[in-house]
Structures are given as structure tokens and as C-alpha cells.
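Report on the structure
The primary structure of each chain is shown beneath.
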Amino acid sequence: MVNEKIKLDRMRYVKDNLPSTFAILAIVFDVLYFVLIYKINNDFFYNSMIGVSIVVNLLFMLFGFWASIEVKNYHGKFGYFMIALGIIQIIRIFIYPMKAHAATYLQGELLVPVMSNGQFMQSIIYLVASAAFMIVGGLMSIKNSRTLQNYLSSLEKK
């Protein structure tokens, strides 16, 4: 009981670092995805879709970093924002990687896939890891901010 009160009181003065770290890890996995996708040299990627993909990557990294800063200060609404970013990462699996994996090009007389099975699986793993870190970090942030708010409310009642 006493340890629990100390832990709760300590939340008032200590930053919420774990959800913030999870957001940074999500960004790291997004960067790995970014590098994997754009190192494939093929005409399939040279269209307007790659421009949109680059902008989405940059916005994800920007908003992910912003969320990582805000959740440190127990701003619970940014936990929901992190969950939304995680869902966006899951949706992205079905856009660029799926299309690149299904597409082929002619190399000599052979039809060759734009993205090999290994590259496809690697891109899926990176996006899923990014989404998982963002969603779990968001859920942790929401829980921690509610816990702190409830504790602060109980102090005001006394």
C-alpha cells in the first residue's frame, strides 16, 4: 500500500519514458522499412506513388517524434494519436509492399518480381513492428496518464 502511494506520487515528478521510447522504436522500424523499400532500383517505383509514400514516411516520423515528446508529459490524448499512427502503419502494408510484391518486370526473357519474397517479408516485419510499438506505447500512455489524473484528483479531494 505504501509502495503504491510512493509510486503514484513519484509519477508527478518523473517523465513517462517507456511509451516515449516505444514511439522512438516505431520510428526506427519505419526508417528500416524506408531504406528497404527505396533501395530497390526498379521502374515500378518511379511514379507519383513513391512521392506520396515518401511524404507519408516523413509525416509518420515527424508525428511519431512529436507524440514521443508529448507522452513523456502524460498527455493521454497523444496515446490515442499514437494508436492512430500504428493503425496507419498496418494499412500501409496493403498499399506499397503488396503492390510491389505482386508486380513483375521483364528482365531479358524472364518475368521477375519487383520485390522478392524476402524483401516483402522484411518490409512486413518492419511495418508490423513499427505499428506494434506505436500501439502498445499509446495504450501504455493512456493508462499511465489516467492513473496520474485519478491520483491528482484524489489529492484535490483531500
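Residues numbered from 1 in each chain as written. Predicted model: local features only at pLDDT ≥ 70, side-chain atom pairs only at ≥ 80, totals over all residues. Heavy atoms only, no water.

1. Structural notes on the nonpolar core
By size, the foremost hydrophobic cluster in this structure holds 16 residues, and its most contacted members are Tyr33, Ile37, Tyr96 and Met115. Where this core is concerned, the elements lending two or more residues are α2 (17-38), α5 (96-102) and α6 (117-157). Apart from residues no more than four positions distant in its own chain, methionine 115 is found in contact with Ile37, Ile40, Pro97, Ala100, His101, Phe120 and Ser123. In this structure, Ala26, Val71, Met82 and Leu85 belong to the second largest nonpolar core, which totals 9 residues. (Core = buried A, V, L, I, M, F, W, Y, C linked by side-chain atoms within 4.5 Å. Buried < 20%, exposed > 50% of the residue type's maximum accessible area, 1.4 Å probe, protein only. Helix = DSSP H or I, 4+ residues; strand = E, 2+ residues; numbered from the N terminus. Contact = heavy atoms within 4.5 Å.)

2. Quick word on unusual backbone geometry
Not every positive phi belongs to a glycine, and tyrosine 74 is a case in point at roughly 60°. You can see tyrosine 74 is positioned in the loop between α3 (48-72) and α4 (77-93).

3. Considering the pairing of strand β1 (residues 104-107)
Taken together, the 4 bridges between β1 and strand β2 (residues 110-113) define a ladder with antiparallel strand orientation. Residue pairing across strands places glutamine 107 opposite leucine 110, the latter belonging to β2. From the end of β1 to the start of β2, which pair antiparallel, there are 2 residues, and glycine 108 there has a positive phi angle of about 70°. (Pairing = 2+ DSSP bridges.)

4. A look at a nonpolar patch on the surface
Together, Ile24, Val28, Leu32, Phe65 and Ile69 give the surface a local cluster of nonpolar side chains, amounting to about 390 Å² of exposed area. Looking at the nonpolar patch, the element that brings in the most residues is α2, giving 3 residues. Position of leucine 32 relative to the elements: it lies in helix α2. (Patch = residues over 30% accessible without salt bridge, like charges linked within 9 Å, V, L, I, M, F, W, Y side chains within 5 Å. Areas by Shrake-Rupley, 256 points an atom, 1.4 Å probe, with all protein chains shown as cover. Salt bridge = Lys/Arg side-chain N within 4 Å of Asp/Glu carboxyl O.)

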